[in-house]
Amino acid sequence: SADASYSPKVQKRTLKGHRQPVLCISHPGDHAKYSSITDAHLQHHPSLLLSGSEDGTARLWDLRTRKTAYCIVAPVIENEPNDVTAVAFHPSIIEDRQSSDESGDTTKPASRLDCMVYASSGTNVYGYD
């Protein structure tokens with residue numbers, strides 16, 4: 001018998017932009033438990049979603065506006081499909097170069113968070129920053 005308290009999830013958002021079926025999606029926090037970078041760093045872009053499609057594009061979505069922030073077109077290579085079959089975020093900490101302040105003292109390099117996205121198409125994996 002069905003549980004009377006069960007309520008199915010209701011669709012809240014539709015993101016429109018791909019011209020063919022979507023094959024994969026990724027969120028920056030999907031792999032937090034597998035990373036050596038802290039969860040706080042992985043969640044630095046919680047309003048982004050990455051999707052890949054049979055139309056040969058990977059789209060980076062801004063979930064706040066529900067619009068495409070960037071559209072990446074997979075290169076077309078002869079005799080290979082250009083469907084985007086896998087996408088992933090890879091956050092990284094980047095250390096800026098040392099600089100000097102007004103007194104000429106060298107300051108410690110500042111670190112900032114950056115994010116690479118990867119898209120797989122055919123037999124290739126492409127990285128974008």
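First, a word on scope: everything that follows refers to the structure included in this document. (Residues numbered from 1 in each chain as written. Predicted model: local features only at pLDDT ≥ 70, side-chain atom pairs only at ≥ 80, totals over all residues. Heavy atoms only, no water.)

### Considering empty space enclosed by the protein
Remark: the empty space left among the atoms is shown by a probe the size of a water molecule rolled over them. Following the criterion strictly, the structure yields one cavity of 30 Å³ or more and no others. Estimated volume of the largest cavity: approximately 30 Å³. A breakdown of the residues in the lining of the largest cavity according to their chemical character gives five nonpolar, four polar and one charged. (1 Å grid on protein atoms, 1.4 Å probe; cavity = no way out; pocket = protein on both sides within 12 Å on 5 of 7 lines; lining within 4 Å. Points joined across faces, edges and corners; volume = space filled by probe spheres on them. Nonpolar A, V, L, I, M, F, W, Y, C, P; charged D, E, K, R; others polar.)

### Focus: the environment of P46
As for its placement among the helices and strands, P46 is situated in the loop between α1 (39-42) and β2 (48-53). What makes P46 partly exposed here is its relative accessible area of 46%. Separated by 18 residues in sequence, P46 and R64 have C-alpha atoms that sit 9.8 Å apart. In this view, P46 contacts H27 and L63; residues no more than four positions away in its chain are not counted. (Helix = DSSP H or I, 4+ residues; strand = E, 2+ residues; numbered from the N terminus. Buried < 20%, exposed > 50% of the residue type's maximum accessible area, 1.4 Å probe, protein only. Contact = heavy atoms within 4.5 Å.)

### Re the sheet that holds β2
Pairing is antiparallel in the open sheet, where four strands are placed in the order β1-β2-β3-β4. Two strands bound the open sheet, and with one partner strand each, they are β1 (22-26) and β4 (67-73). On average, each strand axis in the sheet is inclined to that of its neighbour by 20°, with strand direction left out of account. As defined by bridge partners, β2 adjoins strand β3 (residues 57-62) across five bridges and the pair is classed as antiparallel. In the strand pairing of β3, L50 is matched with L60. (Pairing = 2+ DSSP bridges. Axes fitted to C-alpha atoms, helices over the stretch in contact; angles between N-to-C directions.)

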